[in-house]
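A closer look at the structure
Letter by letter, the chains look like this.
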Amino acid sequence: MKSPVIIHIPHCSTYIPAEERSKLPLSDTELEHEILVMTDWYIDDLFDFGDFNRHINQYSRLVFDPERFRDDKDEVMASKGMGAIYTKTSTGKVLREISMKEREKMLNQYYDSYHEVITQMVENCLEQYGQCVILDAHSFSSKPLPHEIDQTEPRPPICIGTDTFHTQAGIFRLAYEYLFWGEDELAERNTPYAGTFVPMKFYHSDPRVKSLMVEINRSRYMDEQNGKKLASFDEFKGKIIRFVQYITEKRGPAQS
Ligand SMILES: [Zn+2]
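**As for the coordination of the zinc ion**
The zinc ion binds to the protein through His11 (ND1), Asp40 (OD) and His138 (ND1); the donor distances cover 2.0 to 2.1 Å. Summarised as a motif, the one-chain spacing of the donors to the zinc ion is H-x28-D-x97-H. Taken together, the residues Asp40 in the loop between helix H2 (28–38) and helix H3 (43–46) and His138 in strand E3 (residues 132–140) connect sequence positions 98 residues apart. You'll find Asp40 and His138 in the same group, each marked buried.

**A short note on the packing of aromatic side chains**
Here the structure, examined in full by the defined rule, presents 12 aromatic pairs. Ring centres of Phe64 and Tyr114 lie 5.7 Å apart, and the angle between their planes is 70°; this geometry places the pair in the edge-to-face category. Of this pair, Phe64 sits in the loop between strand E2 (53–56) and helix H4 (100–129) while Tyr114 sits in helix H4; the two residues are 50 residues apart in sequence, bridging distant segments of the chain. Classification of Tyr114 as buried rests on a relative accessible area of 6%. With a centroid separation of 6.0 Å and 70° between ring planes, the pair formed by Tyr221 and Phe233 is classed as edge-to-face. Here Tyr221, found in the loop between strand E6 (209–217) and helix H6 (233–250), pairs with Phe233, found in helix H6; they are 12 residues apart in sequence, far enough to count as distant. Here Tyr221 matches Phe233 in class, with each residue buried. Three or more aromatic residues link up through ring pairs in this structure, and these residues are Tyr15, Tyr59, Phe64, Tyr110 and Tyr114. Between Lys229 and the ring centre of Tyr42, over which it is positioned, the NZ or CZ distance is 5.4 Å.

**What to know about the pattern of salt bridges**
As enumerated under the stated definition, the model contains 18 salt bridges in all. As a salt-bridge pair, Asp45 and Lys237 come within 3.1 Å of each other at their nearest N and O atoms. Taken together, the residues span a long stretch of sequence, with Asp45 in helix H3 and Lys237 in helix H6 at a distance of 192 residues. The class for Asp45 is partly exposed, based on a relative accessible area of 23%.

Conventions used here
- Residues numbered from 1 in each chain as written.
- Predicted model: local features only at pLDDT ≥ 70, side-chain atom pairs only at ≥ 80, totals over all residues.
- Heavy atoms only, no water.
- Donors = N, O, S within 2.8 Å, 3.2 Å for Na, K, Ca; no water.
- Helix = DSSP H or I, 4+ residues; strand = E, 2+ residues; numbered from the N terminus.
- Buried < 20%, exposed > 50% of the residue type's maximum accessible area, 1.4 Å probe, protein only.
- Phe/Tyr/Trp six-rings, centres within 6.5 Å; stacked < 30°, edge-to-face > 60°.
- Lys NZ or Arg CZ within 6 Å of the ring centre and 35° of its normal.
- Salt bridge = Lys/Arg side-chain N within 4 Å of Asp/Glu carboxyl O.

Below you can see the structure in the form of structure tokens.
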């Protein structure tokens with residue numbers, strides 16, 4: 001492993017295998033729109049720098065969502081048809097009709113193998129460095145989508161997700177200080193999204209695994225109507241680079 005830091009990027013891909021696409025009852029235009037609003041566009045580009053390990057989901061979240069709990073009983077978003085395998089779109093239309101057996105098959109095929117890889121990466125970090133820091137990187141729509149639980153507007157430019165067990169004390173304050181880039185650049189903690197990703201093997205049991213979620217308001221770096229980068233994209237990426245270096249390198253990732 002290149003460093004004890006793993007940047008986890010679960011939602012930036014738009015790839016849906018033909019076999020999975022054929023099971024979705026959406027027209028191409030409907031699917032294109034759903035991908036436009038649901039994808040964490042360019043997060044792999046924004047977080048492509050430095051000596052960090054990266055784990056990027058190669059599939060669209062419309063195939064499977066690795067950030068959801070495997071069992072719908074544990075997953076709050078399952079009530080919106082957005083558990084680990086989505087059955088509804090962001091507007092509540094049917095995305096797929098699926099039996100329990102088919103769902104289990106998809107979980108085996110996609111979800112479980114994904115989690116095996118990220119769990120092994122964390123394992124390797126722990127072996128090599130005695131610690132692991134996960135930066136869970138996302139972006140979000142500047143306007144709440146219909147399925148979202150928090151409909152509060154306006155939304156902040158950055159949301160930092162923390163966990164009582166896995167997020168080091170004081171890290172939000174550091175992130176907040178750093179992210180205070182200007183009058184309108186205030187970060188929020190756990191609003192509109194709460195928590196951060198930790199593989200189940202370590203979840204609330206291994207304090208050597210630290211995690212912090214960084215969610216970026218898409219209007220800061222892209223045109224949400226057409227999916228294109230803003231002209232200021234590279235400048236914005238510079239801020240992200242300095243921010244990640246600040247909280248992981250300068251202050252020490254395992255510092256508490
Ligand atoms: Zn995301």
